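# Notes for the structure review
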Amino acid sequence: MESKDHGSQADERVANPADPCVMVIFGAAGDLTKRKLIPALYNLAKGNLLSREFAVIGVARADMSTDDFRKKIAADMQKFATSKIEPDLWEWLERRLYYVPGNFSDPATYQKLQTALTSVDEAHGAHGNYFFYLATAPDYFGDIVTQLGALGLAREEAGHWRRVIVEKPFGRDLDSAKLLNKQIREILDERQIYRIDHYLGKETVQNILIFRFANGIFEPIWNRRYIDHVQITAAENVGVEGRGGYYETSGALRDMVPNHLSQLITLTAMEPPISFEADAVRDEQSKILHAIQPLTPEDVLTKTVRGQYGEGEINSERVPAYRSEPNVSKTSTTETFVALKLMIDNWRWADVPFYLRTGKRLPKRVSEIAIQFKRAPFVLFRNTPIERLTQNRLVIHIQPDEGITLRFGAKIPGPVVRLGAVEMKFDYADYFGATPSTGYERLLYDCMVGDATLFQRADMVEAGWRVVAPVLDVWHALTPRSFPNYAAGSWGPKEADELLERDGRRWRDIENDGAG
C-alpha cells in the first residue's frame, strides 16, 4: 500500500502544550518511573507538548535527596530513553525534578509533600494545578487518596485543577473494585479520576475508532451480517520476569481480561458515539461491557480455558516452567494462559462470537484483533477448479508492529481459474515514520489537558470485573488437575484449539499466515 505524498493527506494542525502543572509520582523509585514515565515526559518536552511551567515531585520510601534523585534518573535515562538525549533539553527537565522521601501510610509524608508543592509551584509557576500518579502497589491506592484529601491537596478551588492517575490493577475482583471506587470517590469527583490502561496509549488502539468511523467503507459491513467472528490475541513470549510473587496473586485472567482485553472488545464492538467527547465515547464502551452475555457456571466449563506453562523452548533457548520461577509455589495453580468465548447481546453482534486469548511464554510477543468475515456464496464458482473461497480477514496489529492488514482473494495468473490469498498492508512506521514512544506520552498529555477519553470510568471498571466474576468463582472452586498443560514456546493448551474447533473455526496461525 503506497502513497507518495503523505503530508498532503495529513492533518497538519499541531497540538498545544499542556497546562502548567506539577506532576507528583508516588512510587518514584520504581521501575515504571524510570522505564516509562520519565522517558515519556522527555518525549513530550521534545515535542513541545509540556508546558514551560512544569515540574515533577517524586515520592518514595527510598531515603535520598533531590540531588540523588536527579542523578539516579539521569543514569536511568541513559538506559531507557527512546531516542538520543539532547543535553540542553535534559538539563531543562532535570532542573524540574524534586524528591520527597517517606512512607505512603505516614501522614508526615503528605505534610512534607504539601510544603514541597507550595515551594515548587511558586518556583515554576504551575498555577496551583497538580496531578498525582499512583505508581505504587494497589494496596496503597485508597490510602494515598484519603491522605491527599485530608490535607486538601485533592480539592479544586479558585480555578486550580487536581487529578489522580490510578494504575492497574484496579481491584482484584468486583467487590474490591466497588470498594476502591467508593473509597476514592469520597475524596474525588469522577472527572478527577484517571484510571489508566497503558494499552490505550498505543497508536493502533487509538486508531480503531478513526478506522471504523472516519472511513465510509468499513462501518456498513461491521456487523453480524458480514462478520463471522472476532479473535483478540495478547501474547507474550516472556515469563513473569521476576514478578512471581505478584503474579501468584493475580494470574492471566485478572491481569489482562477485565482491563486490556475488555477495552479492545469495546473499541471493536461499540456503536458510533455522538462525539469524541470523553463521556460520549465511554458511554458506548460501557454499553458493550454490559451487553456481554453473563457466563453461567456451565458456560465456564465449556467456554473458558486456563493453562499454565511448563518448561520448553523459545527462540532456541530452554526456559523453565512457571512453577520453577522465583517466588512461585512448586504446586501453583495460577493460570498463565486464558482463552474465552464471549457473546454480545445486541442487534449488531447477535450470534457473532468474540474469542479471546492471552498468555505468557507463547512463541512470540504479539497483540492483535482479527476480524474474520463470512465466506462469499460459492455458487458462482461451482463449475471451476476452485474448491474453497478465501475468507476475507482484517487484522489490526497492535504490537509490536503497529498496522492494519486486509486479506482477500485474487485470481492467480494463468489459463485456469485458480484463487490465491493476497494482502494489502498498512504499516505505521513505513507510512508516518517511527515516533520514539513509551506508550505513555498520549496518556500523560491527556491527563494534563483534562481529556479522559482513554481512561476507564468507574462503571466500566466494575462492568469489566462483572464479566470475569463467574470465571473466577468456578476456577476458585475447581482446582486444575493438569497443570502445567502447555509447553513454553507453544500457543497454549490443546483445549484452547478445541474451543474454536467445536464451532468449526480455528485460531489464526499468527506465525504462518503471513502478516494478515
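Residues numbered from 1 in each chain as written. Predicted model: local features only at pLDDT ≥ 70, side-chain atom pairs only at ≥ 80, totals over all residues. Heavy atoms only, no water.

## Regarding the overall build of the protein chain
Regarding its fold elements, the protein chain presents 15 helices and 18 strands. For a compact globule of 516 residues, the expected C-alpha radius of gyration is about 24 Å, and the protein chain comes in at 24 Å, within 12% of that figure. Across its three principal directions, the C-alpha atoms of the protein chain cover 80 × 60 × 45 Å. Counting over 516 residues, the protein chain shows a buried share of 54%. A fraction of 77% describes how many contacts in the protein chain between residues 6 or more apart in sequence connect residues 24 or more apart. Each charge sign in the protein chain was given a centre, from 64 positive and 71 negative side chains, and these centres are 4 Å apart. (Helix = DSSP H or I, 4+ residues; strand = E, 2+ residues; numbered from the N terminus. Rg over C-alpha atoms; globule rule 2.2 N^0.38 Å. Buried < 20%, exposed > 50% of the residue type's maximum accessible area, 1.4 Å probe, protein only. Contact = heavy atoms within 4.5 Å. Lys, Arg positive; Asp, Glu negative; His and termini not counted. Charge placed at Lys NZ, Arg CZ, Asp CG, Glu CD.)

## Brief notes about the nonpolar core
Among the nonpolar cores identified, the biggest contains 156 residues, and F26, L41 and L444 are the most heavily contacted of them. Both domains that furnish three or more residues to this core are identified here as domain 1 (22-167) and domain 2 (200-372 + 458-502). Beyond its immediate stretch of four places on either side in the chain, L41 contacts M23, L50, F54, V56, L93, L444 and M448. (Core = buried A, V, L, I, M, F, W, Y, C linked by side-chain atoms within 4.5 Å. Domains from an automatic or database assignment.)

## What to know about the environment of L97
Inspection of the secondary structure assignment puts L97 in strand 3 (residues 97-101). The sequence separation of L97 and N485 amounts to 388 residues, and the corresponding C-alpha distance is 48 Å. Once residues within four sequence positions are removed from consideration, L97 is found in contact with I38, V56, T66, F69, R70, I73 and W90.

## Brief notes about the sheet that holds strand 12 (residues 337-342)
The eight strands are arranged 8-12-13-7-14-15-16-17 in an open sheet whose pairing can be described as mixed. On the outer flanks of this sheet lie strand 8 (304-307) and strand 17 (419-427), each paired with one strand and no other. In this sheet, neighbouring strand axes are inclined to one another by 15° on average, regardless of whether the strands run parallel or antiparallel. Sitting on the sheet, helix 8 (residues 203-213) is in contact with strand 14 (366-373), strand 15 (393-399) and strand 16 (403-411), with an inclination near 145° to strand 15. Relative to strand 13 (residues 354-359), helix 9 (residues 244-269) is tilted by about 140°, and along the sheet it contacts strand 7 (227-235), strand 12, strand 13, strand 14 and strand 15. (Pairing = 2+ DSSP bridges. Axes fitted to C-alpha atoms, helices over the stretch in contact; angles between N-to-C directions.)

## Some details on the packing of helix 9 against helix 10 (residues 278-291)
The angle between the axes and the distance between the axes are what describe a pair of packed helices. Contact geometry of helix 9 with helix 10 gives a least axis separation of 9 Å together with a crossing angle of 110°. Taken together, the axis directions place helix 9 and helix 10 in an arrangement best described as roughly perpendicular. On helix 10, the residues that touch S262, Q263, I265, T266, L267 and A269 of helix 9 are Q285, I288 and L289. (Parallel < 35°, antiparallel > 145°, perpendicular 65-115°, else oblique.)

## So, the environment of D446
Mapping D446 onto the fold places it in helix 13 (residues 441-449). For the pair D446 and Y194, spaced 252 residues apart in sequence, the C-alpha separation works out to 9.7 Å.

## Some words on the domain arrangement of the protein chain
Domain parsing of the protein chain yields domain 1 (22-167) and domain 2 (200-372 + 458-502). The straight-line distance from the C-alpha centre of domain 1 to that of domain 2 is 33 Å.

## Brief notes about the pattern of salt bridges
Inspection of the entire model under this criterion finds 27 salt bridges. Of the charged contacts in the structure, one is a salt bridge between E186 and K182, with a shortest N-O distance of 3.2 Å. Across the pair, exposure class does not vary: E186 and K182 are exposed alike. A salt bridge links D228 to R505; its shortest N-O distance comes to 2.7 Å. With D228 in strand 7 and R505 in the segment after helix 15 (494-501), the pair connects residues that are 277 residues apart, well separated along the chain. Judged on exposure class, the residue D228 and its partner R505 are both buried. Each of D279, R282, D283, R457 and D459 takes part in one network of salt bridges that share partners. (Salt bridge = Lys/Arg side-chain N within 4 Å of Asp/Glu carboxyl O.)

## Regarding helix 15
Considered for burial, the residues of helix 15 that qualify are A496, L499 and L500. Buried residues in helix 15, looked at end-on, bunch into an arc of 85°, giving them a common side. Exposed positions of helix 15 whose direction lies more than 90 degrees from the buried face are K494 and E501. Taken together, the buried residues of helix 15 touch strand 7, helix 11 (297-303), strand 8, strand 12 and strand 13. (Arc of directions from axis to C-beta.)

## So, the pairing of strand 8
Going residue by residue along strand 8, you find T304 and R306 tucked away on one face and V305 and G307 tucked away on the opposite face as well. Both strand 8 and strand 12 contribute to a ladder of four bridges, which runs antiparallel. Its bridge partner being in strand 12, R306 is matched across the sheet by V338.

## A closer look at the pairing of strand 16
In terms of strand pairing, strand 15 meets strand 16 through five bridges, oriented antiparallel. Counted as the bridge partner of L394 is L406 from strand 16. Taking the residues that link successive antiparallel strands as the turn, the strand 15-strand 16 hairpin has three residues. Here strand 16 pairs with strand 17 via nine bridges, running antiparallel. When the bridges of strand 17 are listed, F408 appears paired with V422.

## Considerations on the packing of aromatic side chains
Summed over the entire model, instances satisfying the criterion amount to 20 aromatic pairs. Ring centres 5.2 Å apart and planes at 80° place the aromatic pair F104 and Y140 in the edge-to-face group. Here F104 is found in the loop between strand 3 and helix 5 (107-124), whereas its partner Y140 is found in the loop between strand 4 (130-134) and helix 6 (141-150), with 36 residues between them in sequence. The exposure class of Y140 is partly exposed, given its relative accessible area of 21%. Among the aromatic side chains, those forming a connected cluster through ring pairs are F26, F104, Y110, F132 and Y140. Lying across the ring of F170, R195 places its NZ or CZ 5.1 Å from the centre. (Phe/Tyr/Trp six-rings, centres within 6.5 Å; stacked < 30°, edge-to-face > 60°. Lys NZ or Arg CZ within 6 Å of the ring centre and 35° of its normal.)

## Quick look at empty space enclosed by the protein
If you roll a probe as big as a water molecule over the atoms, it shows you where there is empty space left. Scanning the entire structure with this criterion turns up one cavity of 30 Å³ or more. Taken as a whole, the largest cavity spans an internal volume of roughly 130 Å³. Lining the largest cavity are V166, E167, K168, F170, R195, I196, D197, P258, N259, Q456, V461 and W465. Counting only elements with at least two residues in the lining of the largest cavity, the list comes to helix 9 and helix 14 (458-477). Residue composition of the lining of the largest cavity, grouped by class: six nonpolar, two polar and four charged. (1 Å grid on protein atoms, 1.4 Å probe; cavity = no way out; pocket = protein on both sides within 12 Å on 5 of 7 lines; lining within 4 Å. Points joined across faces, edges and corners; volume = space filled by probe spheres on them. Nonpolar A, V, L, I, M, F, W, Y, C, P; charged D, E, K, R; others polar.)

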